[in-house]
Amino acid sequence: MGIPVGISSCVLGEKVRFDGGHKRNRFVAEDLAEYFSFRAVCPEMAIGMSTPRPVIRLQDNGIEVRLVDSKDNTIDHTDKMKAFADEIIPSFEWLRGYVVCAKSPSCGMERVKLYLENGNSVPGGSVGIYTKRLMETMPWLPIEEDGRLCDPVLRENFIFRVYALDDLYRSVDGGITRGKIIKFHSRYKLCLMAHHQASYRSLGRLVSKIHEWDDLSEFFLTYRQQFMDAIKNRASRKNNTNVLMHIQGYFKRDLDKDQKAELRDVIMRYREGNIPLIAPLTLINHHLTVNPDEYLAMQAYLSPYPEKLKLRFSL
Ligand code: SF4
């Protein structure tokens with residue numbers, strides 16, 4: 001059983017689009033399907049629309065954004081779509097992520113074409129009605145569009161967040177305890193340092209005061225939101241370099257002069273953009289095998305998702 005992730009049905013290859021076609025994404029449908037168990041939803045089909053069907057679009061009527069027929073804006077699907085979203089989203093509590101179809105007035109996550117009643121479009125666009133509801137109801141959930149997953153940095157960040165959320169849920173399986181949360185947080189310290197230094201510090205303060213919280217479920221919800229917000233920030237080359245140099249410090253007694261110079265050189269070549277992140281990490285993992293260190297070995301940063309996905313080859 002893979003990690004449960006929601007998805008727009010057409011991205012998985014189902015012929016549910018308005019034109020009777022699909023928007024199959026090969027990386028998602030083949031590579032990610034090996035690790036994720038997809039829960040496919042087509043919101044337009046779910047509210048009773050047929051395929052093929054008339055084109056619909058987002059229209060700003062001056063008060064709010066509505067989902068209407070492109071040719072006849074008196075045919076309005078907004079209320080039905082919102083009601084469907086409100087009905088199905090509570091059953092997504094167990095999901096670790098969601099892949100939505102770009103540009104769709106129902107599923108798009110950003111820059112979906114938004115029209116005025118006079119037919120002009122609004123710069124910047126809007127969010128699909130269904131996905132907007134999803135983002136508002138589950139603000140901690142990693143959500144990404146199919147097209148953006150072609151960008152190696154966005155792809156890595158999304159998949160990392162899915163794995164991290166899955167890890168968080170599995171870490172508190174059987175009941176939330178202070179010990180389980182502290183242990184999880186310790187394992188993600190280097191990831192937080194790489195993704196967002198300020199959040200690394202604020203989450204550290206939050207966890208250090210966990211004993212002051214009577215309601216651990218309440219604490220968990222706060223921690224989950226802040227943690228997921230933090231790792232939504234993409235790990236910059238500069239931050240990754242700082243983390244690699246921090247890791248280097250753990251080997252100062254174990255490596256000889258040449259090995260230290262080699263590791264420093266690989267980290268610097270990564271910092272200058274000449275080699276990918278996988279290069280210093282491979283060397284570090286090798287040194288860790290020869291010179292085990294309990295703290296480093298448990299760090300999610302060194303192995304956050306399956307190597308086979310090759311996500312760090314392009315970072
Ligand atoms: S974008 Fe969403 S609503 Fe449109 S066909 Fe795909 S799953 Fe259905």
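Every value quoted in this text rests on a predicted model; they were computed, and no experiment measured them.

Cut-offs used in this document
Residues numbered from 1 in each chain as written. Predicted model: local features only at pLDDT ≥ 70, side-chain atom pairs only at ≥ 80, totals over all residues. Heavy atoms only, no water. Pairing = 2+ DSSP bridges. Helix = DSSP H or I, 4+ residues; strand = E, 2+ residues; numbered from the N terminus. Axes fitted to C-alpha atoms, helices over the stretch in contact; angles between N-to-C directions. Disulfide = S-S within 2.5 Å. Buried < 20%, exposed > 50% of the residue type's maximum accessible area, 1.4 Å probe, protein only. Salt bridge = Lys/Arg side-chain N within 4 Å of Asp/Glu carboxyl O. 1 Å grid on protein atoms, 1.4 Å probe; cavity = no way out; pocket = protein on both sides within 12 Å on 5 of 7 lines; lining within 4 Å. Points joined across faces, edges and corners; volume = space filled by probe spheres on them. Nonpolar A, V, L, I, M, F, W, Y, C, P; charged D, E, K, R; others polar. Domains from an automatic or database assignment. Polar contact = N/O pair within 3.5 Å; in protein donor to acceptor, adjacent residues only side chain to side chain. Contact = heavy atoms within 4.5 Å. Expected span 1.5 Å × (residues − 1). Buried area = accessible area lost by both parts, 1.4 Å probe.

## Quick word on the sheet that holds strand 4 (residues 65–69)
Pairing between sheet strands relies on hydrogen bonds along the backbone, with the strands arranged either parallel or antiparallel.
Next up, step 1: The mixed open sheet is built from 3 strands, whose spatial order is 4-3-6. Two strands lie at the open edges of the sheet, namely strand 4 and strand 6 (114–116), each paired on one side alone. When the angles between neighbouring strand axes are averaged without regard to direction, this sheet yields 45°.
Next up, step 2: Inspection of the sheet shows strand 3 (residues 56–60) paired to strand 4 by 5 bridges, in the antiparallel sense. For Leu58, the partnering residue across the bridge sits in strand 4 and is Leu67.

## Side note on the state of the cysteines
Next up, step 1: Within this structure, the stated rule accounts for 0 disulfides.
Next up, step 2: Just so you know, Cys150 is unpaired, no disulfide at all, and the nearest cysteine sulfur is the one on Cys101, 12 Å from it.
Next up, step 3: The exposure class of Cys150 is exposed, given its relative accessible area of 57%.

## Concerning the pattern of salt bridges
Next up, step 1: The final tally for this structure, using the stated rule, is 21 salt bridges.
Next up, step 2: Of the charged contacts, one joins Glu44 and Arg53 as a salt bridge, the two residues approaching to 2.9 Å between their closest N and O atoms.
Next up, step 3: Classification of Arg53 by relative accessible area gives buried; the value is 9%.
Next up, step 4: For Arg111, the salt bridge identified is with Glu110, shortest N-O distance 2.8 Å.
Next up, step 5: Classification of Arg111 by relative accessible area gives exposed; the value is 61%.
Next up, step 6: Taken together, the salt bridges that share partners define one network made up of Glu64, Arg66, Asp76, Asp79 and Lys82.

## Some words on empty space enclosed by the protein
Next up, step 1: One pass over the full model with this rule turns up 1 cavity of 30 Å³ or more.
Next up, step 2: Lining the largest cavity are Pro139, Trp140, Leu141, Arg161, Met228, Asp229 and Lys232.
Next up, step 3: Per-element accounting of the lining of the largest cavity gives the leading share, 3 residues, to helix 9 (residues 216–232).
Next up, step 4: Here the lining of the largest cavity is built from residues that sort into 4 nonpolar, no polar and 3 charged.
Next up, step 5: Viewed by domain, the lining of the largest cavity spans two of them, domain 1 (3–49 + 77–109 + 128–150) and domain 2 (151–315), each represented by three or more residues.

## Comments concerning the side chain of Glu44
Next up, step 1: Along the chain, the position of Glu44 falls in helix 2 (residues 43–46).
Next up, step 2: Of note is the side chain of Glu44, whose polar atom sits 2.6 Å from the side chain of Ser106.
Next up, step 3: Residues in contact with Glu44, not counting those within four places in the same chain, are Met49, Arg53, Ile56, Met81, Ser104, Pro105 and Ser106.

## Focus: helix 12 (residues 278–290)
Next up, step 1: Over its 13 residues, helix 12 runs 18 Å from end to end, which matches the ideal 18 Å to within 8%, given 1.5 Å per residue.
Next up, step 2: All of the buried residues along helix 12 are Ile278, Pro280, Leu281, Leu283, Ile284, His287 and Leu288.

## Focus: the domain arrangement of the chain
Next up, step 1: Entries for the chain in the domain assignment read domain 1 (3–49 + 77–109 + 128–150) and domain 2 (151–315).
Next up, step 2: The C-alpha-based centres of domain 1 and domain 2 are spaced at 29 Å.
Next up, step 3: Each partner contributes residues to the interface: domain 1 has 24 residues there, and domain 2 has 18 residues.
Next up, step 4: Regarding the contact of domain 1 and domain 2, the summed buried area is about 2000 Å², with carbon and sulfur atoms giving 63% of it.
Next up, step 5: Contact with domain 2 buries surface across domain 1, with Tyr35, Arg96 and Trp140 losing the most and accounting together for 33% of the total.
Next up, step 6: At the boundary of domain 1 with domain 2, the tally comes to 3 salt bridges.
Next up, step 7: Where Arg96 meets Asp166, a salt bridge forms, and the shortest distance between an N and an O atom there is 2.8 Å.
Next up, step 8: The interface formed by domain 1 and domain 2 contains 7 residue pairs in polar contact (both at pLDDT 80 or more).

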